[in-house]
Amino acid sequence: MLNRYAGDYLDALAAADVRPRARVSGRLASYDGLLMEAVGLSLPVGTVCLIGAAGTHQVEAEVIGFRNGRTLMMNLGGAAALLPDAPVRPLGAPGEAEVGAALLGRVVDGAGNPIDGLGPIRGAGHWPLAGRIQSPLDRGRVVAPMDVGVRAINGLLTVGQGQRVGIMAGSGVGKSVLLGMMVRAARADVVVIGLIGERSREVADFLETKVAGEARARAVVVAVPANHSPVLRIRGALRATAIAEAFRAEGKKVLLIIDSLTRVAHAGREIGLALGEPASARGYPPSAIAMLPNLIERAGSDVHTGGSITAIYTVLADGDDGNDPVVDSARSILDGHIVLSRAMAERAVYPAIDISKSVSRVMNDIVPRDHQQAARALRRHLATYEENRDLVLMGAYRAGSDAAIDAAIAYHPAIMEFVRQDTDQIVPLEDAAAELTGVFGDAPDGTHG
């Protein structure tokens, strides 16, 4: 018996590949505080490397490009007390994201490490960070609405399952508060939240107030604050999207929130300029803007599994400029945009949604005809009021001169009341539609309620 076991063991050794393999290693040739250059090794873009000798301070860096026979890397964070000619060796192939039910209720950083103090993540699957390429015909149409609990959005900018929407506003107008309202109320199987480039205080606040209680159990949060490496910020957005893709492949309805898309573009700008790309539109190199479609197009419905990713991206309009390159590019890619108005916020109208400048490109496909007509009537009254607002406030308009203006003035308080909503209030889609059609749906022309 012993001889038979010994024979099996020797056979197994004979079949094993025990040939020695060379250990790939290079040397650090240059480091300017952001960009590292290594010589003596050739690695694919995306590979994570460990820099520094064993027993000394070591840091991780990611390969981002090549120049004149040198490998270019960017520090993934942490102090880098490195010496010239420090050894550089790869840790592994370009990354994958840990995905699956094991991540529900957890908070991870851009590298996938848990930061919530609940221990390691066990039993997770894996998904490519860059996603898996799909044919356009694998994408399903947006045919069903998603309830987000916000009256103005449910009624006038109805979001569909599988739609990609942008929330566009300047700083301090209420983007994060609106996101929190949607997270608490959204009827989705899983909520994946990417907090990219935000202040560390806002990350903690978002977790404690917006993703508390029942919402936390079905949520996965990827948090990469503003002081982290630009590479980690981009990886955070890719990781959040990969996690959402894996849940969609299981047939689940996923709500993906990226706050904010502009910070992802800023990270791309830092990397592009470090690589020597020419700055074009307002300092953004071409690669920073070209990265956005690759990220956004990964969301949507899957005709094979029946799952969907409904994606909501916040877009920071620098200086409240609606023609900012990131805002303009996102508007052209997304299936709708919600514009927040600083003027409305100053008048204490929250959420400060500018209905006249916002649109959902799929709304007509997912709501009944009477809902559509009522929404158009409200928009018509609002547009008429805004066009003549100055005349009315100056007292230059005489009541009875124009029936459309009279109707717009009469309906304006009801419009503002429809838009206003307390942050802790949830208005289901059915209630928002009933209220809208009840006030504005009596007549096709909307001239009486």
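Residues numbered from 1 in each chain as written. Predicted model: local features only at pLDDT ≥ 70, side-chain atom pairs only at ≥ 80, totals over all residues. Heavy atoms only, no water.

Asks: Before we go on, may I ask you to explain the overall build of the chain in this structure?
Replies: What the chain contains, in helices and strands, is 14 helices and 18 strands. The buried share of the chain, reckoned over its 449 residues, is 50%. Within the chain, residue pairs in contact and separated by at least 24 positions form 72% of the contacts whose partners lie at least 6 positions apart. Summing over all exposed atoms, the chain offers an accessible surface of approximately 20500 Å²; the carbon and sulfur share of this is 54%. Across the chain, the mean location of the 45 positive side-chain charges is 4 Å away from that of the 50 negative side-chain charges. (Helix = DSSP H or I, 4+ residues; strand = E, 2+ residues; numbered from the N terminus. Buried < 20%, exposed > 50% of the residue type's maximum accessible area, 1.4 Å probe, protein only. Contact = heavy atoms within 4.5 Å. Areas by Shrake-Rupley, 256 points an atom, 1.4 Å probe, with all protein chains shown as cover. Lys, Arg positive; Asp, Glu negative; His and termini not counted. Charge placed at Lys NZ, Arg CZ, Asp CG, Glu CD.)

Asks: What is the right way to look at the domain arrangement of the chain in this model?
Replies: One frequently used descriptor of interface size is the decrease in accessible area upon assembly of the parts. Considered domain by domain, the chain is made up of domain 1 (24-90), domain 2 (96-366) and domain 3 (370-441). Once you take the C-alpha centre of each, domain 1 and domain 2 turn out to be 31 Å apart. The interface of domain 1 with domain 2 comprises 12 residues on the first partner and 10 residues on the second. Taking both sides of the interface into account, the surface hidden between domain 1 and domain 2 amounts to around 830 Å²; carbon and sulfur atoms contribute 68%. When the buried area of domain 1 at its contact with domain 2 is split by residue, Ile64, Met74 and Leu76 rank highest and sum to 47% of it. Viewed at the interface, domain 2 and domain 1 are joined by one salt bridge. Taking the shortest distance from any N to any O, the salt bridge between Arg235 and Glu62 comes out at 2.6 Å. Connecting domain 1 to domain 2 are three residue pairs in polar contact (both at pLDDT 80 or more). Of all the secondary-structure elements, those providing two or more residues to the side of domain 1 that touches domain 2 are strand S4 (59-67) and strand S5 (70-75). Taken together, the residues of the side of domain 1 that touches domain 2 sort by class into seven nonpolar, three polar and two charged. (Domains from an automatic or database assignment. Buried area = accessible area lost by both parts, 1.4 Å probe. Salt bridge = Lys/Arg side-chain N within 4 Å of Asp/Glu carboxyl O. Polar contact = N/O pair within 3.5 Å; in protein donor to acceptor, adjacent residues only side chain to side chain. Nonpolar A, V, L, I, M, F, W, Y, C, P; charged D, E, K, R; others polar.)

Asks: Teacher, can you tell me more about the UniProt feature "domain: AAA+ ATPase" (unreviewed entry) in the chain here?
Replies: UniProt tags residues 161-345 as "domain: AAA+ ATPase" (unreviewed entry). Secondary structure across residues 161-345 divides into 45% helix and 23% strand, with the first and last C-alpha atoms of the span separated by 29 Å. (UniProt positions renumbered as here; feature names shortened; annotations may be inferred.)

Asks: Teacher, can you tell me more about helix H13 (residues 403-419) here?
Replies: In an α-helix, one turn spans 3.6 residues, which is why side chains three or four residues apart end up on the same side. For H13, which comprises 17 residues, the first-to-last C-alpha distance of 24 Å matches the rise-based estimate of 24 Å (1.5 Å per residue) to within 8%. Its maximal kink placed at Tyr411, H13 deviates by approximately 40°, while the proline Pro413 follows within four residues. Of all the positions in H13, only Ile405, Ala407, Ala408, Tyr411, His412, Ile415, Met416, Phe418 and Val419 are classed as buried. Check the buried side of H13 and you find it contacts helix H2 (151-156), helix H10 (342-346), helix H12 (369-394) and helix H14 (429-440). The backbone nitrogen of Ala404 lies 2.9 Å from a side-chain oxygen of the residue at the head of H13, namely Asp402. (Expected span 1.5 Å × (residues − 1). Bend = angle between axes of the 7 residues up to and from the residue.)

Asks: How should the packing of helix H7 (residues 261-274) against helix H8 (residues 286-296) be read in this particular structure?
Replies: Axes are the key here: two packed helices are described by the angle between their axes and the distance separating the axes. At a minimum axis separation of 8 Å, H7 and H8 run at an interaxial angle of 135°. Taken together, the axes of H7 and H8 lie oblique to each other. For the pair H7 and H8, the sense of crossing is right-handed. Between H7 and H8, the contacting residues are Leu261, Val264, Ala265, Gly268, Arg269 and Gly272 on the first element and Ser287, Ala288, Met291, Leu292, Leu295 and Ile296 on the second. Looking at side-chain class alone, the contact of H7 with H8 contains eight nonpolar, three polar and one charged residues. (Axes fitted to C-alpha atoms, helices over the stretch in contact; angles between N-to-C directions. Parallel < 35°, antiparallel > 145°, perpendicular 65-115°, else oblique. Left-handed = near helix turned anticlockwise from the far one by under 90°.)

Asks: Help me understand helix H6 (residues 230-249), please; the structure alone is not making it clear to me.
Replies: For H6, which comprises 20 residues, the first-to-last C-alpha distance of 29 Å matches the rise-based estimate of 28 Å (1.5 Å per residue) to within 8%. With 18 of 20 residues buried, H6 lies mostly within the body of the structure. One side-chain oxygen of the residue at the start of H6 lies 3.1 Å from the amide nitrogen of Val231, identifying that residue as Ser229. At the C-terminal side of H6, Gly251 shows a positive phi close to 90°.

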